[in-house]
Amino acid sequence: MSIAPAATPLPDRWFRTTPDSAGLTRPRLLARSLIDVGRLDENIRGYEQLTGMAGDLRMPIPDFGGLELAAVDTMLLIASARPFTPIQRQTAYSVIVPSLDAELDRLRPTGTEVLEPPETILPGSRARVRYPDGSIAELVEHRPQPGEVARPPVVAAERREVCLLLRKAVSRAAFDDTVALYETLLDTPVTDRARPVGPHDIELACIGALLLVGTDGPEYTETGAVRLAVLTSTPRDLPGAQPLAYSAAQATSRHHVVRLHDGWRAEIWDPAVFTPGRTVGT
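Rules of the game
- Going along each chain's sequence as written, the residues are numbered from 1 onward.
- pLDDT decides what is reported in this predicted model: residues at 70 or higher carry local features, side-chain atom pairs at 80 or more are listed and counted, and totals for whole chains, interfaces and linings draw on all residues regardless.
- Hydrogens and water molecules were not included; the side-chain quantities draw on all heavy atoms of the structure.
- Note on conventions: DSSP H or I runs of at least 4 residues are helices, E runs of at least 2 residues are strands, and numbering of each starts at the N terminus.
- The buried label goes to any residue with under 20% of its type's maximum accessible area, the exposed label to any with over 50%, and the partly exposed label to all in between, with areas taken from a 1.4 Å probe on protein chains only.
- In protein, a polar contact means a hydrogen-donor-capable atom and an acceptor-capable atom, both N or O and within 3.5 Å, with residues adjacent in sequence counting only if both atoms are side-chain atoms; elsewhere, any N or O pair within 3.5 Å suffices.
- In what follows, residue pairs with any heavy atoms lying within 4.5 Å of each other are defined as contacts.
- Two strands pair if DSSP finds at least two bridges between them.
- Angles here are taken between N-to-C directions and fall from 0 to 180 degrees, while the axes themselves are lines fitted to C-alpha atoms, restricted in helices to the stretch in contact.
- A carboxyl oxygen of Asp or Glu within 4 Å of a side-chain nitrogen of Lys or Arg is what we treat as a salt bridge.
- The length a helix should cover is 1.5 Å for every residue beyond the first.
- To obtain the arc, one takes the directions from the helix axis to the C-beta atoms.
- What counts as a ring pair is set by centres within 6.5 Å for rings of Phe, Tyr and Trp (its six-membered ring), and what kind of pair is set by the plane angle: stacked under 30 degrees, edge-to-face over 60, tilted for all other angles.
- We call a charge positioned above a ring when the Lys NZ or Arg CZ atom is no farther than 6 Å from the ring centre and deviates by at most 35 degrees from the ring normal.

**Examining the side chain of Glu141**
- One can find Glu141 in strand S9 (residues 136-142).
- By relative accessible area, which is 14% here, Glu141 ends up buried.
- At 2.8 Å, the side chain of Glu141 forms a polar contact with the backbone nitrogen of Leu100.
- If we skip the residues at most four places from it in the chain, Glu141 touches Ser21, Val97, Pro98, Ser99, Leu100, Pro123, Gly124 and Ser125.

**Overview of the environment of Ile268**
- Here Ile268 is to be found in strand S17 (residues 265-269).
- For Ile268, a relative accessible area of 1% translates into the label buried.
- For Ile268 and Ser233, which are 35 residues apart along the polypeptide, the C-alpha to C-alpha distance reads 9.2 Å.

**Quick word on the sheet that holds strand S2 (residues 28-36)**
- A sheet is described by the order of its strands in space; here 9 strands give the open sequence S1-S3-S4-S5-S2-S6-S9-S8-S7, paired in mixed fashion. This sheet does not close on itself; its edge strands, each paired only once, are strand S1 (15-16) and strand S7 (113-121).
- Taken together, the 6 bridges between strand S6 (residues 91-97) and S9 define a ladder with parallel strand orientation. Counterpart to Val95 in the pairing with S9 is Leu139.
- Lying over the sheet, helix H1 (residues 40-51) contacts S2, strand S3 (57-61), strand S4 (67-72) and strand S5 (75-80), oriented at roughly 10 degrees with respect to S4.

**Overview of the pattern of salt bridges**
- Considering all chains together, one arrives at 21 salt bridges under this definition.
- A salt bridge links Asp20 to Arg143; the nearest nitrogen and oxygen atoms lie 3.0 Å apart. Taken together, the positions of Asp20 in the loop between S1 and S2 and Arg143 in the loop between S9 and strand S10 (163-170) put the pair 123 residues apart, joining distant regions of the chain.
- With relative accessibility at 34%, the residue Asp20 sits in the partly exposed group.
- A relative accessible area of 25% means that Arg143 is categorised as partly exposed.
- A salt bridge links Glu203 to Arg193, with the nearest nitrogen and oxygen atoms 3.2 Å apart. Of the two residues, Glu203 is situated in strand S12 (residues 203-207) and Arg193 in strand S11 (residues 192-194); the sequence distance between them amounts to 10 residues.
- Among the residues examined, Glu203 registers a relative accessible area of 9% and is labelled buried.

**Regarding H1**
- The end-to-end C-alpha distance of H1 is 17 Å, a good match for the 16 Å that 12 residues give at a rise of 1.5 Å each.
- Within the span of H1, buried status applies to Leu40, Asn43, Ile44, Gly46, Tyr47, Leu50 and Thr51. All buried residues of H1 fall inside an arc of 160 degrees around its axis, so they share one side.
- Where H1 is buried, its residues meet S2, S3, S4, S5, S10 and strand S14 (226-231).

**Details of the packing of aromatic side chains**
- Scanning the entire structure with this criterion turns up 2 aromatic pairs.
- On the numbers, 6.3 Å between centres and 80 degrees between planes, the contact of Tyr93 with Tyr182 is edge-to-face. Of this pair, Tyr93 sits in strand S6 while Tyr182 sits in helix H4 (residues 172-185), and the two are 89 residues apart along the sequence.
- Exposure remark for Tyr93: the relative accessible area of 6% places this residue in the buried category.
- Geometrically, the ring pair formed by Tyr131 and Tyr182 is edge-to-face, given 6.2 Å between the ring centres and 85 degrees between the ring planes. Taken together, the residues Tyr131 in the loop between strand S8 (124-130) and S9 and Tyr182 in helix H4 connect sequence positions 51 residues apart.
- Members of the aromatic cluster, joined through ring pairs, are Tyr93, Tyr131 and Tyr182.
- Looking at Arg151, its charged tip hangs above the ring of Phe15, at a distance of 3.6 Å from the centre.

**Some details on the side chain of Arg58**
- Here Arg58 lies in strand S3.
- A residue is classified by how much of its surface remains accessible, and Arg58, at 15% relative accessible area, is buried.
- At a separation of 2.9 Å, a polar atom in the side chain of Arg58 contacts the side chain of Asp41.
- Discounting residues that sit within four places of it in the chain, Arg58 has contacts with Arg13, Trp14, Phe15, Leu40, Asp41, Ile44, Glu68, Leu69 and Ala70.

Fair warning: the whole summary comes from geometry, so function is off the table for now.
Listed below in structure tokens is the structure:
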């Protein structure tokens, strides 16, 4: 009679609501925030307060550079006591995929380049790639550890009417091609498009958790540090957000930029801009 091997104890604080990503219907796109490990708890609280959603994973990975990861909505917090490497800082996205091998096979015809081949890590396996537009992404496949049980999702005490998205700005000339590219890369169709009225020709497209902004206007193309977007009809109620480039009195406008609690800049949009059949001024 064979005896099953004992499960290896997981690190303290380890939990995942979805230990096995094989059940995902499409890749899950996450923004990456690289922080010192001493700031992890406060950043988790900040994004939980901002989005009204509880974190759905926390993973100390002591054997992989001493990292500790936490995800809240579309934000992946990557904490470390060591300096981050140049390639870690250059990586724009983390993408949780149903199957790493299948994802690499799916992306190969797009011209996506594998920078770091698949390797086994504690959460499952990973690889780093460069998309055809030059953006670098880390693809991660999650698989459960022996004896790991999924933690039931935690219901937030107050669900906020906030949608946190990743933001990517491109020129108007490149907009349609970029939309088509990311529909393929993320295996996700556009859900909303809009052309707000304003001093510049602007187009917006939502592809899952990604907001693509197409414009040649300087207030967009010169804000490369703005990597997040927040859809909310009540911008004054965002916890810890401070308006930038616009006065506090203008914080109810259709669009402005804020600094979030952790220093990240986010572009604020009123969801009404995506109302079908309606043109909304900025």
